[in-house]
Amino acid sequence: MRYFQCNLSQGTGRTTAYIPERGAVVGKSVEIKDDSFTGRWQVDQVADKGISEEMLREKQARDRDPFGSISKRYA
């Protein structure tokens, strides 16, 4: 399955998230399963290229610990 970076809106709220290809359609309403997001969001814009689930997980791991390689050297 591929994931696409999408701009989403909910009333006046805006966010960007990677969502599965089946929901990455402009105008579609999607629910994001995350504690910090509630309710349904409208897809406003979809990136041209998607990424695989494996690539998304790797990106999320890097984003959570952007200085991991540096801190390991100085621990």
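For the structure, check the block above.
Residues numbered from 1 in each chain as written. Predicted model: local features only at pLDDT ≥ 70, side-chain atom pairs only at ≥ 80, totals over all residues. Heavy atoms only, no water.

Asker: Can you break down the layout of surface pockets residue by residue, with the values?
Answerer: Counted as a void, the largest pocket has a volume near 550 Å³. Lining the largest pocket are 19 residues; nearest its centre among them are Y18, I19, P20, I32 and K33. Listed by contribution, the elements that provide at least two residues to the lining of the largest pocket are β1 (2-10), β2 (13-20), β3 (29-31) and α1 (53-64). A per-class count over the lining of the largest pocket returns 9 nonpolar, 4 polar and 6 charged. (1 Å grid on protein atoms, 1.4 Å probe; cavity = no way out; pocket = protein on both sides within 12 Å on 5 of 7 lines; lining within 4 Å. Points joined across faces, edges and corners; volume = space filled by probe spheres on them. Helix = DSSP H or I, 4+ residues; strand = E, 2+ residues; numbered from the N terminus. Nonpolar A, V, L, I, M, F, W, Y, C, P; charged D, E, K, R; others polar.)

Asker: Please provide a residue-by-residue account of the packing of aromatic side chains, values included.
Answerer: One pass over the structure, following the stated rule, counts 0 aromatic pairs. A cation over a ring is seen here: R57 above Y3, with NZ or CZ 6.0 Å from the ring centre. (Phe/Tyr/Trp six-rings, centres within 6.5 Å; stacked < 30°, edge-to-face > 60°. Lys NZ or Arg CZ within 6 Å of the ring centre and 35° of its normal.)

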